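Fold and geometry: a report
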Amino acid sequence: MPWNLTSDRPIFIQIMDIISLDIISGKYSPGEKLPSVRDLAQEASVNPNTMQKALSELERTGLVFSQRTSGRFITEDVQMIEDLKSQKAKEKIKEFLENMEKLGVNHEETIALVTQTLKGEQ
Amino acid sequence: MLGKLFKHEFKETGKLLIPLNLVIICYTVIGAIMLGSRLFDDDHFALLAASSLILYILSIFAIFIVTFIFFTVRFYKTMYSSQGYLTHTLPVSTGSIIHTKVLVSVFWVVVTMAVTMFSVFAMVAVTIRTHLSYDSFNSFFMEFFMEFNEEFGMSFGSFLLPIMLLIIVGCFEGMLTVYASLSIGQLFNQYRILAAIVTYVIIHIAVNIMGTVTMFITEFSAMDSLFIAEEFSDSVLGSFYHTLFSVSNIEHIILCIIFYAVLYFLTTRKLNLE
Amino acid sequence: MSTILECKDLCKSYGSKTALHNVNLAIESGHIIGLLGPNGSGKTTLIKLINGLLTPSSGQLYINQNPVGVESKKIVSYLPDHTYLESNLRVRDVFSYFCDFYEDFEEQRAYDMLAKLNINPSDRLKTMSKGTKEKVQLILVMSRRAKLYVLDEPIAGVDPAARDYILNTILSNYDEEATILISTHLISDIENILDQVIFIRQGQICLSSSVDAIRQEQGKSVDALFREVFRC
């Protein structure tokens, strides 16, 4: 199943986002070994060079690290993953709040609606 | 790599040429049995004998025409049609591809010729054996060779040799004319097959005219020596015969070399597949 | 990184019709490159020149520093845009033919791929559907360990499932040092596997760039850029 990539942004950036998300969400646990570039490229249906570039960029952020012989691993720095998680979460909330404002719902009303929805779900 | 090209070419062409030659051999065996059993001596079987002979001759002709067309079509298909995409992307030199195509096709034509000759010879031999009152098979031929020698002033072998050579050269020339014409046809941007056919016809006519002209010139100049000779001796006739065939052979060998050069040059330097 | 393919002032004309005009191009090894252009723009002409099926009218062409010839043909694996195998042959025969002539042909890999598709090696090509025949040809081409793969319209006229299979086969057999040149006009389908693109129009190269650069600088996909550049 090819990954869902859009057409307007460089592919390696989209791949970075997808892998970061997988790390945050726990699909990959800290210290876990990543599949090889070739396997990941095939899974995503992208050029191995592009996958290579995405992983190198991720290495620069520190989210993954490579050991010369044995491949690439997810960082063991749990704090870093947590930080990234809250950063991403904040981004999503901001985006959500902006969308609500566009609908004409102010922050207080939004919180009320969120609480109500959550109760409804229970 | 040349060896592999030969191997595959033989394999692919043998699929048709081996059965064709087996057909000739079968005919020969059946014919020899019929002739040997004196079946045709009975007048009732005269019609059967005549029609068998006609069928035999027609079949041999058909086999040669099929062989000729097969190699023509095969050359076109593997060199210039979509299959040419494979032929010309093999990591072998264009020269070795051409050598293979020419040599393998000529090989088969010569083999078919030889088998046909053997077939005719075998039938004649069986007829002689069953119908003529010779003590032995050998003595007939001994007598024939001797008489031939006395009559024409040369051995049967030296009579046959230039003819054999001409047949082999003729096989080369026959195939090379076709291949060269096809390669010339490829120079055109459109109607390449038509261009090849027209080229073939032109070459064919030109070669025939040239052959006739050379023949005339040789005959005239050789004829002089015939008249100059005080006595119309056998040896003069022999040398006349040999001059005629030598000139003819040299002429056709030169033509073969020219056609080969054209084919080689156009395929290595001017290849443009559609 | 070395230059795998280089064209210098390459021209090709058929009679009075010009198919390629002064093409200058250098391709580094280790990339998957899309050769993109509308029909009749000169893609196939360039590909046939690379494979020695056409003779240039003028200019030079080098593959791995060699002119087109025996040496170049050893390292180029070519998929034409039509079937080029004799239809009477069995798949097995074709494999052994490739095995004989191409030192880099890995027969076992070819048989493995065949098995995955449930194609019987004793089947004759003429009994196969067009799609199956195309897959067999792709298997032949991708089973070679070539330095340069040249694929002419590999995904034209096949259904989406077959297209996925083809792209997957290309990716899974590609080794990072090799170079793949894919010609197509169906860009959106293969955009993700390309890292460079060459736009060709009326026999001339009008753009040669990396896919990331196009997306980053123009903020649009190659497909969108193509539609813009070649708008009728």
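Sequence positions are assigned chain by chain, starting from 1 and proceeding in written order. In the order they appear in the text, chains get letters beginning with A and ligands get numbers beginning with 1. With pLDDT at 70 or above as the cut-off, local features in this predicted model cover only qualifying residues; side-chain atom pairs require 80 or more to be listed or tallied, and sums for whole chains, interfaces and linings still use all residues. To obtain the side-chain values, all non-hydrogen atoms of the structure were included, while hydrogens and water were left out.

Across chain B, pLDDT averages 89, with 93% of residues at or above 70. Within a predicted model, pLDDT stands for the predictor's per-residue confidence, ranging from 0 to 100. In this description a helix means any DSSP run of H or I spanning at least four residues, a strand means any run of E spanning at least two, and both kinds are numbered starting from the N terminus. Element-level pLDDT for chain B is lowest in helix H5 (residues 137–152) of chain B, with a mean of 79, against a maximum mean of 96 in helix H3 (residues 84–87) of chain B.

Right, let's get into the interface of chain A and chain C. Between chain A and chain C, the residue contacts involve 20 residues of the former and 21 residues of the latter. Accessible area, probed at 1.4 Å, shrinks when two parts are joined; the buried area is that loss added up over both. Roughly 1,600 Å² of surface becomes buried between chain A and chain C when both sides are summed, with 45% attributable to carbon and sulfur atoms. Definition used for salt bridges: Asp or Glu carboxyl oxygen within 4 Å of a side-chain nitrogen of Lys or Arg. Here Glu176(C) ties to Arg38(A) by a salt bridge, and the two come within 3.6 Å at their closest N and O atoms. Polar contact is the term for a pair of N or O atoms within 3.5 Å; when the atoms are in protein, one must be able to donate a hydrogen and the other to accept it, and sequence-neighboring residues count only if both atoms are side-chain atoms. Seen at the junction of chain A and chain C, the total is nine residue pairs in polar contact (both at pLDDT 80 or more). Elements represented by at least two residues in the side of chain A that touches chain C include exactly helix H1 (11–24), helix H2 (37–44) and helix H3 (48–61) of chain A. By the convention used here, residues are in contact when the closest approach between their heavy atoms is within 4.5 Å.

A word on a negative patch on the surface. Here the term patch refers to residues with relative accessible area over 30% and no salt bridge, with like charges joined within 9 Å and nonpolar side chains (Val, Leu, Ile, Met, Phe, Trp, Tyr) within 5 Å. In these tables, accessible area is a Shrake-Rupley quantity obtained with a 1.4 Å probe, and a residue counts as shielded only by the protein chains included in the view. Only four residue types enter the tally: Lys and Arg on the positive side, Asp and Glu on the negative side, with His and both chain ends excluded. Charged side chains are reduced to one point each, which is NZ for Lys, CZ for Arg, CG for Asp and CD for Glu. A grouping of Glu91(A), Glu95(A), Glu98(A) and Glu101(A) is seen on the molecular surface, where their side chains present a negatively charged patch. Note that Glu98(A) resides in helix H4 (residues 78–102).

Our focus in this paragraph is unusual backbone geometry. Positive phi values are uncommon outside glycine, yet Tyr191(B) reaches one of about 50°. With respect to the secondary-structure elements, Tyr191(B) resides in the loop between helix H6 (156–185) and helix H7 (192–228). Note on classification: 1.4 Å probe, protein chains only; a residue is buried when its accessible area is under 20% of the maximum for its type, exposed when over 50%, partly exposed between these limits. Given a relative accessible area of 62%, Tyr191(B) falls into the exposed group. The backbone of Asp9(C) shows a phi angle near 45°, a positive value even though the residue is not glycine. Following the sequence through the fold, Asp9(C) ends up in strand E1 (residues 3–14). Asp9(C) sits in the partly exposed class, given a relative accessible area of 42%.

What follows covers the pairing of strand E1 (residues 64–67) of chain A. The side chains of a regular strand alternate, residue by residue, between the two faces of the sheet. Residue and element names in this part refer to chain A. Across four bridges, E1 lies against strand E2 (residues 71–74) in antiparallel orientation. Bridging across to E2, Val-64 finds its partner in Ile-74. Two strands qualify as a pair provided that DSSP identifies no fewer than 2 bridges between them. Between E1 and E2, which pair antiparallel one after the other, the connecting turn spans three residues.

This part covers a nonpolar patch on the surface. Judged by side-chain polarity, Ile193(B), Ile197(B), Val201(B), Ile205(B), Ile209(B), Val213(B), Phe216(B), Ile217(B) and Phe220(B) come together as a nonpolar surface patch covering roughly 880 Å² of accessible area. With respect to the helices and strands, the residue Ile193(B) is situated in helix H7.

Residues and elements named next belong to chain B. Considering the arrangement of structural elements, one finds Arg-192 in helix H7. Separated by 82 residues in the primary sequence, Arg-192 and Glu-274 place their C-alpha atoms 9.7 Å from one another. In this view, Arg-192 contacts Gly-185, Gln-186, Asn-272, Leu-273 and Glu-274; residues no more than four positions away in its chain are not counted. At 2.7 Å, the side chain of Arg-192 and the backbone oxygen of Asn-272 are in polar contact.

Here we come to the domain arrangement of chain A. Accessible area lost upon the coming together of the parts serves often as the stated size of an interface. Residues and elements named next belong to chain A. According to the domain assignment, chain A consists of domain 1 (11–76) and domain 2 (79–121). Just so you know, the domain bounds were taken from an automatic or database domain assignment. If you average the C-alpha positions of domain 1 and of domain 2, the two centres end up 28 Å apart. The interface of domain 1 with domain 2 comprises 10 residues on the first partner and five residues on the second. In this assembly, domain 1 packs against domain 2 so that about 640 Å² is buried in total across both faces, 84% of it on carbon and sulfur atoms. For domain 1, the biggest contributors to the area lost against domain 2 are Ile-24, Leu-63 and Thr-75; these three give 63% of the whole. Sort the elements by how many residues they give to the side of domain 1 that touches domain 2 and H1 lands first, with four residues.

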